[in-house]
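# Inside the fold
This is what each chain is made of:
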Amino acid sequence: MDPARRLGFPQIDVLAQLGVSTILLGGIYALIAVGLTLIFGIMRVVNFAHGEFLMLGMYLAFWAWHLWRIDPYVVLPLGAAIFFVVGLVVYLLVMKGVIHASHNVQIFTTVGLSTLLENVALVAWTGDFRFVRPWHSSVVLRLGATAFNLSQVVAFAIAVALTIGLFAFMRWTHTGRVMRATAQDRDAATLMGIDTDRIYRITFAMGIAAVGVAGVLVSPLYSVYPQAGLQFVLLAYVVVVLGGLGDMVGALLGSLIVAGVEVVGSYFFGSAWKEVLYFLLFIGVLVFRPAGLFGQRGAENLGV
Amino acid sequence: MSRRLLAVVVVVSLFAFAALAAVTHGQSGEYKIGVLEPLTGPLAFEGKRHLEGYEVMRDLINERGGVMGKKLAFAVGDATDPTAAASEANRLITREGVKIITGTYSSTLCGAASEAASRQSVIYWETSCVDPRFAQRGLKNVFRTEIDGTGFGWYNIEFIAKHLSHRFNMKPNQLKIAFLSEDSSYGQGVTEAARKRAKGDFGMQEVAAEYYAFASTNDFTPIIVKLKQLNPDIVHHIARGNDAVLFWRQSREQNFGFKALVHAGATGYGSPDFGKALAADGNGPFVLAEPGPGFKVEGLKPEAQKLEKDFTEAIKKRTGAEPYASHRLAGPGLWLLKLVLDSAKTDELDKFRGAVMSLDIPVGSLINGWGVKFAENGQNANERVQHYMLQWQNGQMVTVWPEEFTTGRAKWIPLGAWDSRK
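It should be emphasised that the depicted structure is a prediction, and the values quoted were computed from it without experimental measurement.

## Details of the overall build of chain A
Regarding its fold elements, chain A presents 13 helices and two strands. What you see for chain A is a C-alpha radius of gyration of 20 Å, in line with the 19 Å of a compact globule of 304 residues. Once the C-alpha set of chain A is aligned to its principal axes, its extents read approximately 65 × 50 × 35 Å. When burial is assessed residue by residue, chain A has 53% of its 304 residues classed as buried. A separation of at least 24 residues holds for 77% of the contacts in chain A among residues at least 6 apart in sequence. When the 17 basic and 14 acidic side-chain charges of chain A are each reduced to a single mean position, those positions are 4 Å apart.

## As for the sheet that holds strand β4 (residues 123–126) of chain B
All names here are of chain B. Reading across from one edge, β2-β1-β3-β4-β5 is the order of the five strands in this open sheet, with parallel pairing throughout. The open sheet has two edge strands with one neighbour each: β2 (71–78) and β5 (142–144). Between one strand and the next, the sheet's axes are offset by a mean angle of 25°, whatever the strand orientation. Relative to β2, strand β1 (residues 30–37) runs parallel, the two sharing eight bridges. Counterpart to Lys32 in the pairing with β2 is Ala73. The strands touched by helix α2 (residues 44–63) are β1, β2 and β3 (100–103); relative to β2, the strand with the most contacts, the crossing angle is about 165°. Relative to the sheet, helix α4 (residues 110–119) contacts β1, β4 and β5, its axis offset from that of β4 by approximately 160°.

## What about the interface of chain B and chain A?
On the chain A side, the residues contacting the 31 residues of chain B number 35 residues. Between chain B and chain A lies a buried interface of about 2900 Å² when both sides are counted; carbon and sulfur atoms form 48% of it. Where chain B packs against chain A, one counts zero salt bridges. Summed over the shared surface of chain B and chain A, the result is 18 residue pairs in polar contact (both at pLDDT 80 or more). Among the secondary structure elements, those contributing two or more residues to the side of chain B that touches chain A are β7 (205–212), α7 (221–230), α8 (242–253) and α9 (272–278) of chain B. Per element, the largest residue contribution to the side of chain B that touches chain A is seven residues, and it comes from α7 of chain B. Split into classes, the residues belonging to the side of chain B that touches chain A amount to 13 nonpolar, nine polar and nine charged.

## Brief notes about empty space enclosed by the protein
Scanning the model with the defined rule gives two cavities of 30 Å³ or more in all. Estimated volume of the largest cavity: approximately 60 Å³. As for the largest cavity, its lining consists of Gln17, Ser21, Leu24, Ala147, Phe148, Asn149 and Gln152 of chain A together with Asp219, Thr221, Gln250, Glu253 and Gln254 of chain B. Counting only elements with at least two residues in the lining of the largest cavity, the list comes to α2 (12–43) and β2 (146–149) of chain A together with α8 of chain B. Grouping the amino acids of the lining of the largest cavity by side-chain chemistry returns three nonpolar, seven polar and two charged. Here the second largest cavity is characterised by a volume of approximately 50 Å³. What lines the second largest cavity is simply Arg252, Ala280, Asp281, Asn283, Trp418, Arg421 and Lys422 of chain B.

## As for the state of the cysteines
All names here are of chain B. What the rule picks out here adds up to one disulfide over all chains. The partner cysteine of Cys110 in its disulfide is Cys129, sulfur to sulfur 2.1 Å. For the disulfide bridge between Cys110 and Cys129, the dihedral angle about the S-S bond is near 65°, and by the sign convention the bridge is right-handed. On the criterion of sequence distance, the pair formed by Cys110 in helix α4 and Cys129 in the loop between β4 and β5 is long-range, its members being 19 residues apart. Taking relative accessible area as the criterion, Cys110 reaches 1% and is therefore assigned buried. Judged by relative accessible area, which is 1%, Cys129 ranks as buried.

## So, helix α9 (residues 196–218) of chain A
With 23 residues, α9 of chain A extends 33 Å between its outermost C-alpha atoms, agreeing within 8% with the 33 Å of an ideal straight helix rising 1.5 Å per residue. With 20 of 23 residues buried, α9 of chain A is to be regarded as a mostly interior element.

## A look at the environment of Lys196 of chain B
All names here are of chain B. Within the fold, Lys196 resides in helix α6 (residues 185–202). Here Lys196 falls in the exposed class, since its relative accessible area comes to 67%. As a C-alpha pair, Lys196 and Ala266 span 70 residues in sequence and 23 Å in three-dimensional space.

## Here's the deal with helix α10 (residues 302–319) of chain B
Every α-helical turn comprises 3.6 residues, leaving residues that sit three or four positions apart pointing alike. Residue and element names in this part refer to chain B. The end-to-end C-alpha distance of α10 is 26 Å, a good match for the 26 Å that 18 residues give at a rise of 1.5 Å each. Taken together, the buried positions of α10 are occupied by Ala304, Gln305, Leu307, Glu308, Phe311, Thr312 and Ile315. At its buried positions, α10 is contacted by α2 and α11 (325–344).

## Here we look at the pairing of strand β9 (residues 260–264) of chain B
Residues and elements named next belong to chain B. Most of β9 is tucked away, with five of its five residues classed as buried. What you see with β9 is no split at all: Ala260, Val262 and Ala264 on one side and Leu261 and His263 on the other are buried throughout. Across three bridges, strand β8 (residues 234–238) lies against β9 in parallel orientation. Paired with Ile234 across the bridge in β9 is Ala260. Taking the sense of rotation as the criterion, the β-α-β connection linking β8, α8 and β9 turns out right-handed. Of the strand pairs in this sheet, β9 and strand β10 (residues 286–289) are connected by three bridges, and their pairing is parallel. Bridging from a neighbouring strand, Val262 pairs with Phe286 of β10. After leaving β9, the chain enters α9 and then returns to the sheet as β10, a path that is right-handed.

## Overview of the pattern of salt bridges
All names here are of chain B. Overall, the coordinates contain 34 salt bridges over all chains when judged by the stated rule. Across the salt bridge formed by Arg144 and Asp148, the nearest N and O atoms sit 3.8 Å from each other. The exposure class assigned to Arg144 is buried, which follows from its relative accessible area of 0%. In this structure, Arg195 engages Glu192 in a salt bridge whose closest nitrogen and oxygen atoms are separated by 3.3 Å. Note that Arg195 and Glu192 are positioned in helix α6 at a spacing of three residues, about one turn of the helix. Accessibility expressed as a relative area gives 24% for Arg195, which makes it partly exposed. Accessibility expressed as a relative area gives 35% for Glu192, which makes it partly exposed.

## Structural notes on a nonpolar patch on the surface
Residues and elements named next belong to chain A. On the surface, Phe269, Trp273, Val276 and Leu280 cluster together into a nonpolar patch covering about 410 Å² of accessible area. Of note, Trp273 is situated in the loop between α11 (248–269) and α12 (274–288). Of the residues examined, Trp273 reaches a relative accessible area of 46% and is grouped as partly exposed.

Cut-offs and rules
The written sequence of each chain sets the order in which its residues are numbered from 1. Written order determines the labels here, with chains lettered from A and ligands numbered from 1. Only residues with pLDDT of 70 or above have their local features reported here, since the model is predicted, and side-chain atom pairs are shown and tallied only from 80 upward, although totals for entire chains, interfaces and linings are computed over all residues. The basis for the side-chain values is all heavy atoms of the structure; hydrogens and waters are excluded. Starting at the N terminus, helices and strands are each numbered in turn, a helix being any DSSP run of H or I of at least four residues and a strand any DSSP run of E of at least two. Restricting the calculation to C-alpha atoms gives the radius of gyration, and the globule rule supplies 2.2 Å times the number of residues raised to the power 0.38. Buried residues are those whose accessible area, probed at 1.4 Å on protein chains only, stays under 20% of the maximum for their type, while exposed residues exceed 50% and partly exposed ones sit between those limits. What makes two residues a contact is simply this: any of their non-hydrogen atoms within 4.5 Å. The charge count treats Lys and Arg as positive and Asp and Glu as negative. His and the chain ends do not count. By convention, charge coordinates are those of NZ in Lys, CZ in Arg, CG in Asp, or CD in Glu. At least two DSSP bridges between two strands are needed for those strands to be called paired. Here an axis means a line fitted to C-alpha atoms, over the contact stretch when the element is a helix, while the angle between two N-to-C directions is reported on a 0 to 180 degree scale. Buried area, as used here, totals the accessible surface that two parts lose on assembly, with accessibility defined by a 1.4 Å probe and the loss added over both. Should a side-chain nitrogen of Lys or Arg be within 4 Å of a carboxyl oxygen of Asp or Glu, the pair is scored as a salt bridge. Polar contacts, as counted here, are pairs of nitrogen or oxygen atoms within 3.5 Å of one another; within protein the pair requires one atom able to donate a hydrogen and one able to accept it, and residues that are adjacent in sequence qualify only if both atoms are side-chain atoms. Residue polarity is assigned by list, with Asp, Glu, Lys and Arg as charged and Ala, Val, Leu, Ile, Met, Phe, Trp, Tyr, Cys and Pro as nonpolar; anything else, Gly included, falls into the polar class. Cavities and pockets were defined on a 1 Å grid built over protein atoms only: a cavity is a set of grid points that admits a 1.4 Å probe from which the probe cannot escape, a pocket is an open set flanked by protein on both sides within 12 Å along at least five of seven lines, and lining residues are those with an atom within 4 Å of any such point. Grid points are joined across faces, edges and corners, and a volume is the space filled by probe spheres set on the points. The criterion for a disulfide is a pair of cysteine sulfur atoms lying within 2.5 Å. To estimate the expected span of a helix, subtract one from its residue number and multiply by 1.5 Å. The handedness rule is simple: strands pointing away from the viewer, and a clockwise path from the first strand over the helix to the second, make the crossover right-handed. A residue counts toward a patch only above 30% relative accessible area and without a salt bridge, and it is joined to like-charged neighbours within 9 Å or, for Val, Leu, Ile, Met, Phe, Trp and Tyr, to nonpolar neighbours within 5 Å. Per-residue and other accessible areas follow the Shrake-Rupley method at a 1.4 Å probe size, with only the shown protein chains counted as cover for residues.

Written out as structure tokens, the structure reads:
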């Protein structure tokens, strides 16, 4: 029997802490998932190398910290710019060639890219665990009986800001509208005079910039090593499917749900059960609401 | 005509070589054993160190009269993976004619290598692998000088019961202990052995036993919140990598106050990364490992002290650094083989086995403090293969137990408030 059941129904302070943990962990998942849902939703490309760009973001923060003692939050704007450019370059060198190819070809390409990046990191920086330890990574905020890690609170706040920002961008800017149009029907968009190649380029660069930012933000919280991306990327796929492809707010809510299942499952049933639980949820959503919990019916085909 | 001449030359030179080989072999009075190590591939790094340990000890043995009055020599095989381990074992037996094989550094290799040796009734002398299955196959030709993974759990509980509990002013059966472990076969092996001994031998109160997948655990808070309510005195945590740092950091955030945390092995808390990540914030956890800073050679028996100094000196001369764990496993393992061969005076299996079983050497007699008492299954006894408890103190792992073998002393017993451990 799991010891939690012997404890009976949790006290209010325990529930509060579980709630706080859910929100903060959900923030980290959302940071990683928004970039993925952007690329997934608009380009319809399953980017298996997403986790490796996260890892590169973590290394950027590590080297800036290690060589010049620059705080990850200072690196952040620069990181967004660097990864935007990285995204453009990768698009031109790799993705452009396969964007019109079949899904199988795209999967092989991004899996190859993922292995390539991971091994380049391994060769260049070895497999050692590295750490970024700015002052805020060990600051603990306490509110009543609950405890928050400052770096995690900041990561959550930026995740919410990023989600809202991208949502507004997609909704109200011209480029955002054009991106949605391209997602809905590539051929029709082309006929309307939209340069779809440019849209894909921008989308991919934005997605990679978002995940690069995520890497910089999580670097004070987790170890930096070549396989660091694998730890999160599977979860990011679950989140994106739950939230609906290409849906920013869905990604945020999906992240909170996955984090909630993980936290509550670990507490009540033991952590060995948490993956069973959220993959059950994942399969359930695919079977009963294939467009995602918050997606419109039919959106799985349209990508909106 | 020229082809015939060539054939004649080849045949004559072959005979000449064979004759020369026979003569040199007879003259030198060598005794050759097979050594299997992973010398290429992912394990090569440690395999080479292990071989270095053997070679340095071989030279020390030869300076001290060799084995059975002969000079000890090696026929080395490269065991990259289990398949290569088996085929190289066969080659050493059939081509090199060895009657004893030793090795193999890794738990992934020792099973296959020893199977191959068993099929030809050749003695297999393992000095480092920790797979518990190794000694559970009923093979009469297989021996292991190092303890297995379950022995780590045995030592952790030994340390908690004999060294920690009285310093908490508690009896072992009053201690509440929570088991937390990553879910690989290593983590489970150590944890299950520790659980069994904690309950069976000391009547400790187990309040939780929780396994997790280390690669996908991004948040320990729910587990910590749960454990906090169960209020354990001891957390027995087998960690694998990043999970050690994450659990420790989040325990501090949640102000989870336990009296001690105990881990085993070179991963997780046992990795230098733990100290790099946390520095003085990582003060306190105990790690069962090979002896490190603080190890006191004077704690050993006099004859072992001399050998230890010579061994460390020779390793330093050769590598430019202090001996690593792999060196320290290979060296005494080979020395023990010498003791057995000298007493058996033969490599014939029954007599060799008899000599192994009659060895009874107290702790502190071999260079890293080991003693010897083999069980019928060919496994050296936990009580004799002395292991050491190290503690993180200001970014360094200091040897703290058993106290007769170290100048270091355990601190923060019980651990006390998180910010007071300086």
